[in-house]
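Next come the chains, spelled out residue by residue.
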Amino acid sequence: MAQRTASQLYFDLIRLFKQWPIDKSKTGRDLGECVRQQFSQAFILGENSQVDCNEWNRFYDNMKLLISNDIKNRYPRERNWTASGLSREHLHFLLSNKSLQANKDFMKKIK
């Protein structure tokens with residue numbers, strides 16, 4: 001993979017983040033949100049920031065694979081099921097902040 005300068009990395013990562021939406025149902029716990037915070041802390045001076053280019057080049061290459069679904073497309077799943085037996089939509093709802101808060105409120109009521 002090509003080595004990029006800090007300036008190139010800054011703009012390439014911004015372009016990459018535009019392809020990865022933040023899950024609003026998981027505010028404060030979303031991976032995309034966490035990664036963006038790390039990026040903004042490391043590149044505090046924007047394109048003029050002094051960062052470890054090797055580390056951020058590896059990060060960029062790995063994030064590009066993740067966002068492009070390269071592995072998912074290269075190795076398709078034979079079956080579309082989960083270990084819990086629940087659908088993707090049901091799991092998404094159960095892991096949302098709204099559902100987790102409802103579970104906490106329920107647990108407080110039964111104590």
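Keep in mind that what you see is a predicted model, and the values were worked out from it rather than measured. (Residues numbered from 1 in each chain as written. Predicted model: local features only at pLDDT ≥ 70, side-chain atom pairs only at ≥ 80, totals over all residues. Heavy atoms only, no water.)

Concerning the nonpolar core
Across soluble globular proteins, nonpolar side chains show a tendency to be buried alongside one another. The condition that has to hold: As used in this record, nonpolar core signifies buried Ala, Val, Leu, Ile, Met, Phe, Trp, Tyr and Cys residues forming a set joined through side-chain atoms within 4.5 Å. The classification of residues rests on relative accessible area computed with a 1.4 Å probe and restricted to protein chains. Under 20% of the type maximum is buried, over 50% is exposed, and intermediate values are partly exposed. Per the convention used, a helix needs a DSSP run of H or I reaching at least four residues, while a strand needs a run of E reaching at least two, with both numbered from the N terminus. Contact between two residues is taken to exist if any of their heavy atoms lie within 4.5 Å; hydrogens are not considered.
Counting residues in each nonpolar core, the largest one holds 16 residues, and the members touching the most others are Leu13, Phe39, Phe43, Trp56, Phe59 and Met63. Looking at this core, the elements with two or more residues in it are helix 1 (6–18), helix 2 (31–42) and helix 3 (53–68). The element that contributes the greatest number of residues to this core is helix 1, accounting for six residues. Not counting residues up to four positions away in its chain, the partners in contact with Phe43 are Ala6, Leu9, Tyr10, Leu13, Ser49, Val51 and Trp56.

Overview of the packing of helix 2 against helix 3
Each packed pair of helices is defined by two parameters, the angle between the axes and the distance between the axes. Worth spelling out the cut-off: The axes are straight lines fitted to the C-alpha atoms, using for helices just the contacting stretch, and the angles between their N-to-C directions are given from 0 to 180°. To sort the angles, those under 35 degrees are grouped as roughly parallel, those over 145 as roughly antiparallel, those from 65 to 115 as roughly perpendicular, and the leftovers as oblique. Take the far helix as your reference; a near helix turned counterclockwise from it by less than a right angle gives a left-handed crossing, and one turned clockwise gives a right-handed crossing. Residues are sorted three ways: Asp, Glu, Lys and Arg are charged, Ala, Val, Leu, Ile, Met, Phe, Trp, Tyr, Cys and Pro are nonpolar, and all the rest, Gly among them, are polar.
Contact geometry of helix 2 with helix 3 gives a least axis separation of 13 Å together with a crossing angle of 155 degrees. With respect to each other, helix 2 and helix 3 are oriented roughly antiparallel. Handedness of the helix 2/helix 3 crossing: left-handed. Within the contact between the two elements, helix 2 uses Val35, Gln38, Phe39 and Ala42 and helix 3 uses Trp56, Phe59 and Met63. Taken together, the residues that form the contact of helix 2 with helix 3 break down as six nonpolar, one polar and no charged.

Some remarks on the packing of helix 1 against helix 2
Between helix 1 and helix 2, the least distance of the axes is 12 Å, while the angle of their chain directions is 165 degrees. Our classification of the angle between helix 1 and helix 2 gives roughly antiparallel. As for the relative orientation of helix 1 and helix 2, their crossing is left-handed in sense. On helix 2, the residues that touch Tyr10, Leu13, Ile14, Phe17 and Lys18 of helix 1 are Val35, Arg36 and Phe39. Counted by class, the contact of helix 1 with helix 2 contains six nonpolar, no polar and two charged residues.

What to know about the domain arrangement of the protein
Here is the rule we go by: Residue ranges for the domains trace back to a domain assignment, done automatically or taken from a database. Using a 1.4 Å probe, buried area is obtained as the accessible area two parts lose upon being combined, added over both of them. A carboxyl oxygen of Asp or Glu within 4 Å of a side-chain nitrogen of Lys or Arg is what we treat as a salt bridge. Definition of a polar contact: a pair of N or O atoms within 3.5 Å, with one able to donate and the other able to accept a hydrogen when the atoms are protein atoms, and with sequence-neighbouring residues admitted only if both atoms are side-chain atoms.
In terms of domain boundaries, the protein breaks down into domain 1 (1–76) and domain 2 (80–110). Placing the centre of domain 1 and that of domain 2 at their C-alpha centroids yields a distance of 28 Å. At the interface, five residues of domain 1 touch five residues of domain 2. Approximately 420 Å² of surface area, both sides summed, lies buried where domain 1 meets domain 2, with 36% of it carried by carbon and sulfur atoms. On the domain 1 side of the interface with domain 2, the three residues burying the most area are Ser25, Lys26 and Arg29, jointly 78% of the side's total. Taken together, the links from domain 1 to domain 2 amount to zero salt bridges. Counting across the interface, domain 1 meets domain 2 through three residue pairs in polar contact (both at pLDDT 80 or more).

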